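# Breakdown of the fold
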Amino acid sequence: MSSASQAMPKKKNLLPKMAMAGPVSLWMILFVTIPLMYIIFISFMSRGVFGDVLYKPTTESYTTILDPTYFKVIVKSLQAAGITTLLCILIGYPFAYIIARKPKDVAAKMITLLMIPFWTNSLMRLNAWLLLFQTSGPVNNFLVNFGFVDKPIGFIYTDELVMIGLITNMLPFAVLPLYSTIEKLEKSLLEASADLGADAKTTFMKVTLPITFPGIFSAIILVFIPSLGIYTVTDMLGGGKVMYIGNIIKNQFGAIRNWPLGAALSVLLIVITMLLIFIYTRFAKIEDMEVV
Amino acid sequence: MNNSIITLEGVVKRFGSNVVVKNLNLEVAQGEFLTLLGPSGCGKTTTLRMIAGFEEASEGTIKVEGERVEDKEPFQRNVNTVFQNYALFPHMTVFNNIAYGLTIKKVPKAEINERVTEMLRMVQMEPYAKRKPDELSGGQKQRVAIARALVNRPKVLLLDEPLGALDLKLRKQMQIELKRLQKKLGITFIYVTHDQEEALTMSDRIAVMHDGILEQLDSPTEIYEHPKTRFVAGFIGESNIFDGKVVAKEGDVLTVETAEGNLQVIGPDFAVGEEMHVSIRPEYLEVSTSPVAGFTLEGKIKDFIYQGSVVKTAVDLNGGMEVKYSRFEQDNSVSEGEKVYVCWKPEKAVAIKKFDQGAV
Ligand SMILES: Nc1ncnc2c1ncn2[C@@H]1O[C@H](COP(=O)(O)OP(=O)(O)O)[C@@H](O)[C@H]1O
Ligand SMILES: [Mg+2]
């Protein structure tokens, strides 16, 4: 009797939940799971002579990835994404800290300022960068006219400019999750630490940093994953000379028409992403996922 | 005071144009349990934070053991604080929370272990050493917060409404535990609360604050029985307070004219014509069905309020003021709506000087 009455409400509650989850699940299956499966499927197929996909199973694409030419690009991309992430966090953390310690209304304004470039069209922004830094652009004109350098510096189409472009592009993704965890850090914890004899540096290392770690990890994921796959920044600021994994994938699906190889590289990116998220869920509590 | 451990001299604190603490002078004796008592917003927390070093005094000096500390950072002062919201480190176990101060001071591991274990035992939290703060109840968090501060053996422990978040029963129990702990360790406690009953129960001395002003600094008995200001009389316990003017003085007995009528009180330091306040506790207020010499307070019985250990009777005076008296049992000699004369023994009432705003 009692067990039946306990089971009843459960059954009743399940239906609305299913009704709500249903469309979402359907959406996910149609637009995420199926395309993903298709990518994995293609990555194990062969390339036809005319760039079509031949449905003949092979692991050829995966062996190609290990080929030094591709492998170097993969390592270089991982490196670039890693450095971008590191710098975004090193710059973003103090930035987020300062914002979080401002009164709420000032903080909101600062966040908006941070987001404005992010809301502008990225192609426009990148073109502006090119104009600024090109050989006869304002930056070089300034440097030459004021005697800082003898002749214009070749900023554009270099790894360094790509890096700067990546960092400025990704910085908001680091600042936002950092801000949201630092903002939740209670001031009284810092005071308690000082009260117990810790100076500012010790308090930072022993209290602030560990408590805001979930924010740091969110920032890592939010910056690292897109920087690894992004190709607009590298394409435009690198002028096609600087090749990252994102550009190669894009080219395989586009100009070169080697879909299986592009798919295999995509699978590699997905695996790296899943690995990171797996580590994240192991180390941070599930509730902190909302930041991502 | 020659054994004073904390001295505040002429301390003023301003936030912008808002003066939150006004010319505060306070000496706290070694081993004393001193309570800062006052309504919310009167500047208690601010005062405590100035002693701890989290706020800088706008004027005046603060000394710990005779040494000025204004230029010392919180971590350089030999006082520890128990925060109102506990402020336990969420990422550390109970053990590591308590060990924090000792770890910072690079106390040897073995000694840390020993002292933390001793503290855990003292606050009866030994079984919880490995837990994180979110796995503890409010009362347990409170114990950890106290242990975390006490393990450093501070000269002075500052406590900001440490029991504020606990339910009544647990609060009463912790009040007694804390008081015993303080006696046993002989550490000076400066305790902030807005709960007058808590202050009366625990303190050696109470500093009653109001609007940033120290109104009275005395023992609980003195505060209760001889309030020096109208505010203290009203804030500590329940009291009936009359405002009036001395119209006659015979020996030490004053006859005071108020809006409700005349009344009597003992007041050697008062002169005829002086404006003043008179406070009478409910337990001393009496009613009579016939007029009483020296008193012309008349009213009607309003209602009886049962409060468990006492029954209060409310009386509406003719001038519009309501007074209350309390007895252990309901007063059956009168009934609701009955006309009565209010009086008391003049020595039971307290004569209070009228002060100009701001002066004490
Ligand atoms: N950091 C601050 N900035 C401005 N005003 C403050 C600040 N801290 C406290 N106050 C003001 O000072 C007054 C006293 O506060 P507080 O010392 O916290 O009172 P209590 O602890 O007695 O309730 C309040 O009016 C409060 O608004
Ligand atoms: Mg307070």
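Definitions and limits used
- Residues numbered from 1 in each chain as written.
- Chains lettered and ligands numbered in written order.
- Predicted model: local features only at pLDDT ≥ 70, side-chain atom pairs only at ≥ 80, totals over all residues.
- Heavy atoms only, no water.
- Contact = heavy atoms within 4.5 Å.
- Buried area = accessible area lost by both parts, 1.4 Å probe.
- Salt bridge = Lys/Arg side-chain N within 4 Å of Asp/Glu carboxyl O.
- Helix = DSSP H or I, 4+ residues; strand = E, 2+ residues; numbered from the N terminus.
- Pairing = 2+ DSSP bridges.
- Domains from an automatic or database assignment.
- Polar contact = N/O pair within 3.5 Å; in protein donor to acceptor, adjacent residues only side chain to side chain.
- Axes fitted to C-alpha atoms, helices over the stretch in contact; angles between N-to-C directions.
- Parallel < 35°, antiparallel > 145°, perpendicular 65-115°, else oblique.
- Nonpolar A, V, L, I, M, F, W, Y, C, P; charged D, E, K, R; others polar.
- Left-handed = near helix turned anticlockwise from the far one by under 90°.

### Re the interface of chain A and chain B
Between chain A and chain B, the contact holds 20 residues from the first and 24 residues from the second. Carbon and sulfur atoms make up 62% of the surface buried where chain A meets chain B, a total of about 1700 Å² over both sides. For the chain A face of the interface with chain B, the top three residues by lost area are A:Glu191, A:Asp195 and A:Leu196, together amounting to 40%. Linking chain A with chain B are one salt bridge. B:Arg49 is the partner of A:Glu191 in a salt bridge, and the nearest nitrogen-oxygen pair spans 2.8 Å. The set of elements that each furnish at least two residues to the side of chain A that touches chain B consists of α8 (187-195) and α9 (200-211) of chain A.

### Description of the pairing of strand β2 (residues 18-29) of chain B
Residues and elements named next belong to chain B. As paired elements, strand β1 (residues 4-15) and β2 share eight bridges and run antiparallel to each other. Counted as the bridge partner of valine 11 is leucine 24 from β2. Adjacent in sequence and paired antiparallel, β1 and β2 are bridged by two residues, among which glycine 16 carries a positive phi angle near 65°.

### A short note on the domain arrangement of chain B
Residues and elements named next belong to chain B. Taken domain by domain, chain B holds domain 1 (4-230) and domain 2 (239-353). Summarising the inter-unit geometry, the C-alpha centres of domain 1 and domain 2 are found 39 Å apart. On the domain 2 side, the residues contacting the eight residues of domain 1 number seven residues. Summing the contributions of domain 1 and of domain 2, the shared interface buries around 680 Å²; its carbon and sulfur component is 50%. When the area that domain 1 buries against domain 2 is broken down by residue, the three leading residues are Tyr224, Pro227 and Arg230, summing to 79%. Joining domain 1 to domain 2, the criterion identifies one salt bridge.

### Side note on the side chain of B:Gln140
Residues and elements named next belong to chain B. Structurally, the position occupied by glutamine 140 is in helix α4 (residues 138-150). Polar contacts involving the side chain of glutamine 140 include one to the main-chain amide nitrogen of serine 137, which spans 2.9 Å. Residues in contact with glutamine 140, not counting those within four places in the same chain, are Met125 and Tyr128.

### Some points on the packing of helix α3 (residues 68-100) of chain A against helix α12 (residues 245-253) of chain A
All names here are of chain A. Two elements in contact, α3 and α12, have axes separated by 8 Å at closest approach and are oriented at 130°. Judged by the angle between their axes, α3 and α12 are oblique. Seen from α3, the contacting residues are Tyr70, Val73, Ile74 and Ser77; seen from α12, they are Ile245, Ile248 and Gln252. For the contact of α3 with α12, the residue count by class is five nonpolar, two polar and no charged.

### Quick look at the packing of α12(A) against helix α13 (residues 259-283) of chain A
All names here are of chain A. Contact geometry of α12 with α13 gives a least axis separation of 7 Å together with a crossing angle of 150°. Crossing handedness for the pair α12 and α13: left-handed. Taking contact as the criterion, the partners of Ile245, Ile248, Ile249, Gln252 and Phe253 in α12 are, on α13, Trp259, Leu261, Gly262, Ala263, Leu265, Ser266, Leu268 and Leu269. Of the residues in the contact of α12 with α13, the class split is ten nonpolar, three polar and no charged.

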